[in-house]
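What the coordinates show
Here are the chains, one letter per residue:
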Amino acid sequence: MATTTSRETASPEETEALGEELGRRLRIGDLVLLSGELGAGKTTFVRGVARGIGSSDSVASPTFQLVRVYRGGIQLAHVDLYRIESSVEMRDLGLDELLDQGAALVEWGERLDDVVRVARIHFDVLGDDRRRLTVVRDLVR
Ligand SMILES: Nc1ncnc2c1ncn2[C@@H]1O[C@H](COP(=O)(O)OP(=O)(O)OP(=O)(O)O)[C@@H](O)[C@H]1O
Ligand SMILES: [Mg+2]
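Figured I'd write up the structure that's included with this text.

Conventions we followed
- Residues numbered from 1 in each chain as written.
- Chains lettered and ligands numbered in written order.
- Predicted model: local features only at pLDDT ≥ 70, side-chain atom pairs only at ≥ 80, totals over all residues.
- Heavy atoms only, no water.
- Helix = DSSP H or I, 4+ residues; strand = E, 2+ residues; numbered from the N terminus.
- Rg over C-alpha atoms; globule rule 2.2 N^0.38 Å.
- Contact = heavy atoms within 4.5 Å.
- Areas by Shrake-Rupley, 256 points an atom, 1.4 Å probe, with all protein chains shown as cover.
- Lys, Arg positive; Asp, Glu negative; His and termini not counted.
- Charge placed at Lys NZ, Arg CZ, Asp CG, Glu CD.
- Buried < 20%, exposed > 50% of the residue type's maximum accessible area, 1.4 Å probe, protein only.
- Core = buried A, V, L, I, M, F, W, Y, C linked by side-chain atoms within 4.5 Å.
- Patch = residues over 30% accessible without salt bridge, like charges linked within 9 Å, V, L, I, M, F, W, Y side chains within 5 Å.
- Salt bridge = Lys/Arg side-chain N within 4 Å of Asp/Glu carboxyl O.
- Donors = N, O, S within 2.8 Å, 3.2 Å for Na, K, Ca; no water.
- Phe/Tyr/Trp six-rings, centres within 6.5 Å; stacked < 30°, edge-to-face > 60°.

What follows covers the overall build of the protein. Across its full length, the protein holds four helices and nine strands. For a compact globule of 141 residues, the expected C-alpha radius of gyration is about 14 Å, and the protein comes in at 14 Å, within 12% of that figure. Restricting to contacts in the protein with at least 6 residues of sequence separation, those with at least 24 account for 64%. Just so you have it, the protein exposes about 7,600 Å², and 46% of that area is on carbon and sulfur atoms. Here the protein carries 19 positive and 24 negative side-chain charges, and the mean point of each set is 4 Å from the other.

Following this line, the structure appears as structure tokens:
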């Protein structure tokens, strides 16, 4: 069973603002998987989330690092699985430990296996500056 909500944005700033809203509500152990094509706005959203947890760290795509950690009111792990060809397990990423210490957002999150409690946000490109963010939160699996 899951609940779905969707919001449209008309600029990167609006997408960041949605991220900031989420960032203010994140708690230790929260895991959010982000999906959507290249340039859909996942990293832009994470930039807002980092601001929402009160971090002044600069947010960049962790393409070569797999995981970056931002520090604010709570810790935020920013994971990007673009370079993972097929799928990867939470344990192999050290994600269990990161979730003991804070929240985690995962770009290309559909490549993550064996996830239990999770929220998913899918980014659709509607036009040059328009995006639709569809949030699905699993209640029971
Ligand atoms: N409404 C919008 N929301 C988010 N980004 C937007 C929007 N309109 C235009 N953009 C632009 O789209 C691009 C989104 O890039 P971003 O790096 O956030 O995408 P991404 O989903 O992380 O891509 P990748 O899969 O390559 O990591 C940026 O250049 C941003 O300025
Ligand atoms: Mg990105």
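Resuming the write-up.
Time to look at the environment of Asp128. As for its position among the elements, Asp128 is in the loop between strand 8 (119-125) and strand 9 (131-138). Judged by relative accessible area, Asp128 falls into the exposed class, the value being 75%.

Let us look at the nonpolar core. Leu26, Val32, Leu34, Phe45, Leu76, Leu105 and Ile121 are the most contacted members of the largest nonpolar core, which has 21 residues in total. Elements supplying a minimum of two residues to this core: helix 1 (12-25), strand 2 (31-35), helix 2 (42-52), strand 6 (102-107) and strand 8. Top contributing element to this core by residue count: helix 2, with four residues. Not counting residues within four places of it along the chain, the set of residues in contact with Val32 comprises Leu22, Leu26, Ala104, Leu105, Val106, Ala119 and Ile121. Within the second largest apolar cluster, 18 residues are counted, among which are Ile84, Val88, Ala104 and Trp108.

The next point concerns a negative patch on the surface. A contiguous patch of negative charge on the surface is contributed by Asp92, Asp96, Glu97, Asp100, Asp113 and Asp114. Inspection of the secondary structure assignment puts Asp113 in strand 7 (residues 112-113).

As a further point, take the coordination of the magnesium ion (ligand 2). The expected angle between donors at a tetrahedral four-coordinate metal is 109.5 degrees. At an octahedral six-coordinate metal it is 90 or 180 degrees. Bound to the magnesium ion (ligand 2) are the protein donor atoms Thr43 (OG1) and Glu107 (OE), situated 2.1 to 2.2 Å from the metal. Taken together, the positions of Thr43 in helix 2 and Glu107 in strand 6 put the pair 64 residues apart, joining distant regions of the chain. Just as Thr43 is buried, Glu107 falls in that class too.

Below, the discussion takes up the packing of aromatic side chains. Scanning the entire structure with this criterion turns up two aromatic pairs. For the ring pair Phe45 and Phe123, a centre distance of 5.6 Å and an interplane angle of 75 degrees mean the geometry is edge-to-face. Residue Phe45 is located in helix 2, and its partner Phe123 is located in strand 8; the two are separated by 78 residues in the primary sequence. Overall, Phe45 belongs to the buried group, its relative accessible area being 3%.

These figures come from the coordinates and say nothing about function on their own.
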